[in-house]
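Given next are the chains, with one letter for each unit.
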Amino acid sequence: PGKTAFVAQWRALQASNPDFVLQLGDFVSEGDAGQYREHVAFVDAEVRTPMLRALGNHDRSRPNGDADKNLYDAVIGARDYFFDHAGWRFVTVDSSDRGDGLTDAQLDWLERALSVPGPKIVFTHVPPGYIKSIAPLAEVGALEEWSLDAQQEEEQKGYLRDFFTNYFEVGAKRFEDLVTRGGVKAVYMGHIHAFWAADHRGVRYVISGGGGSPLYPLPPGYPKKKFAHYLRVEATPAGLRETIVPLDGAPFVLPPVR
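All chains use their own residue numbering, which begins from 1 and follows the written sequence. The model is predicted, so local features are restricted to residues of pLDDT at least 70 and side-chain atom pairs to those at 80 or more, both for listing and for counting; the totals for chains, interfaces and linings are taken over all residues. Computation of side-chain values covers all heavy atoms of the structure but excludes hydrogens and water.

**Student:** Sorry if this is basic, but what is going on with the overall build of the chain here?
**Tutor:** Secondary structure is summarised from DSSP: a helix means a run of H or I of at least four residues, a strand means a run of E of at least two, and numbering begins at the N terminus for each. Counting its secondary structure elements, the chain contains seven helices and 11 strands. The cut-offs for exposure are 20% and 50% of the maximum accessible area for each residue type, with area from a 1.4 Å probe on protein chains only; residues under the lower value are buried, those over the upper are exposed, and the others partly exposed. Per-residue burial over the chain gives 49% buried out of 258 residues. Contacts are assigned to residue pairs that have any heavy atoms within 4.5 Å of one another. When contacts within the chain are restricted to residue pairs at least 6 apart in sequence, those whose partners lie at least 24 apart make up 68%. Note on areas: these come from Shrake-Rupley sampling with a 1.4 Å probe, and a residue is covered only by the protein chains present in the view. When the accessible surface of the chain is split by element, carbon and sulfur atoms take 53% of a total near 12,200 Å².

This is the structure:
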């Protein structure tokens, strides 16, 4: 995986003629002006389909530790937002602060965003901590685990020191309650460079972190299916149809979400 995987997957995804694409965060490695310019050049050259965002920790001025979001705000726009399309409400929440979780103000906003009738989908970068205890769907395709070679592992060991912030805890309980009773059919998340899916309290949760970045080794308790992929979702009055499209291998469909 890498830039070539991202470009190949983007071109295939765009060719499928979706209504829009929502990128689940970390579209740059370091949130500086140079990398933003490079990404904007890619958008100008390649993107013809509406491309929306969930803010990732790498999109801030620093991936780890204290950081600001000024460049994201200026180039991309709102961090917490929603829109209505085809009878569904789509809601994106900024969880890029990771260990600091979601603020009370964000959760108040989310409660209002979910207060209308009809089905909803929520997008956020960092998964909430409570999903660690949820059993994944029993079978999501015949996939081989992806492993690093020694050189790649050496390159990525800085990331390995950062596993404790791969989920957010602050605000997670209220987030869980809001999406459970708010008509949310699915929560789509990134951040962890793997694939994972589970159903919890009537809501489908999916980690889709295979957009092209390195597929890091993961410690016990983390999702183990690591492969470059994108997720194609069809939202209809009957529910959701979710198709996983690997970079290599045949697409497969998850159990339906009603």
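**Student:** Even after reading the chapter, I still don't get the side chain of H193, so can you show me in this structure?
**Tutor:** Positionally, H193 belongs in the loop between β6 (184-189) and β7 (195-200). Accessibility expressed as a relative area gives 8% for H193, which makes it buried. Polar contact is the term for a pair of N or O atoms within 3.5 Å; when the atoms are in protein, one must be able to donate a hydrogen and the other to accept it, and sequence-neighboring residues count only if both atoms are side-chain atoms. Among the polar contacts listed, one links the side chain of H193 to the backbone oxygen of P214, at a separation of 2.7 Å.

**Student:** Explanation requested: the sheet that holds strand β9 (residues 229-236) in the structure shown.
**Tutor:** Pairing between the strands of a sheet comes from backbone hydrogen bonds, and it takes one of two forms, parallel or antiparallel. Reading across from one edge, β9-β10-β11 is the order of the three strands in this open sheet, with antiparallel pairing throughout. The open sheet has two edge strands, β9 and β11 (252-253), and neither has a second partner. We treat two strands as partners when DSSP finds at least two bridges between them. By the bridge criterion, two bridges tie strand β10 (residues 239-246) to β11 in an arrangement that is antiparallel. Along β11, the bridge assignment pairs T243 with V253.

**Student:** Would you explain the environment of P119 in this entry?
**Tutor:** Structurally, P119 can be placed in the loop between α4 (104-113) and β5 (120-124). When the C-alpha atoms of P119 and G182 are compared, they prove to be 8.5 Å apart, with 63 residues separating the residues in sequence. If we ignore the near neighbours within four places in the chain, the residues touching P119 are G87, W88, R89, G183 and K185.

**Student:** Would you take a moment to explain helix α2 (residues 33-46) for this structure?
**Tutor:** Since one α-helical turn is 3.6 residues long, residues separated by three or four positions face the same way. The end-to-end C-alpha distance of α2 is 20 Å, a good match for the 20 Å that 14 residues give at a rise of 1.5 Å each. Those residues of α2 not exposed but buried are Y36, H39, F42 and E46. Looking down the long axis of α2, one finds its buried residues gathered within 120 degrees of arc, a one-sided arrangement. Opposite the buried face of α2, at more than 90 degrees from it, the exposed residues are R37, D44 and A45. By this rule the span expected of a helix is its residue count minus one, scaled by 1.5 Å. Summarising the geometry, the arc corresponds to the directions from the helix axis toward the C-beta atoms.

**Student:** Even after reading the chapter, I still don't get the sheet that holds β7, so can you show me in this structure?
**Tutor:** Read from one edge to the other, the open sheet built from six strands follows the order β3-β4-β5-β6-β8-β7, with strand pairing classed as mixed. Here the strands that pair on one side only, and so sit at the sheet edges, are β3 (81-85) and β7. Across this sheet, the average inter-strand angle for adjacent strands is 15 degrees, counted without regard to direction. Note on definitions: angles span 0 to 180 degrees between N-to-C directions of axes, and those axes are lines fitted to C-alpha atoms, for helices only across the stretch in contact. Against the sheet, α4 engages β3 and β4 (88-93), with an angle of about 175 degrees to β4.

**Student:** Please clarify how unusual backbone geometry should be interpreted in this entry.
**Tutor:** Trans is the prevailing form of peptide bonds, just as negative phi is the prevailing case for residues other than glycine. A positive phi angle is found at N17, which is not glycine, with a value near 60 degrees. When you line up the elements, N17 lands in the loop between α1 (3-15) and β1 (21-23). Even without being a glycine, D26 presents a positive backbone phi close to 60 degrees. Its place among the elements puts D26 in the loop between β1 and α2. Among the residues examined, D26 registers a relative accessible area of 15% and is labelled buried.

**Student:** For this particular structure, what's the right way to read the environment of Y222?
**Tutor:** Mapped onto the elements of the fold, Y222 is located in the loop between β8 (203-208) and β9. On the basis of relative accessibility, which here comes to 14%, the residue Y222 falls in the buried class.

**Student:** Quick question: what am I supposed to make of the packing of aromatic side chains here?
**Tutor:** When we look at a pair of aromatic rings, we describe it by the centre distance and by the angle of the planes. We call Phe, Tyr and Trp rings a pair once their centres come within 6.5 Å, taking the six-membered ring for Trp, and we label the pair stacked below 30 degrees between planes, edge-to-face above 60, and tilted otherwise. Counted under the stated rule, the structure contains 14 aromatic pairs. When the ring of F20 is compared with that of F83, the centres are 5.2 Å apart and the planes differ by 80 degrees; the resulting orientation is edge-to-face. Remark: F83 occurs in strand β3 and F20 occurs in the loop between α1 and β1; sequence separation between them is 63 residues. A relative accessible area of 21% places F83 in the partly exposed class. With 5.9 Å between their ring centres and 80 degrees between their planes, F168 and F175 make a pair best called edge-to-face.

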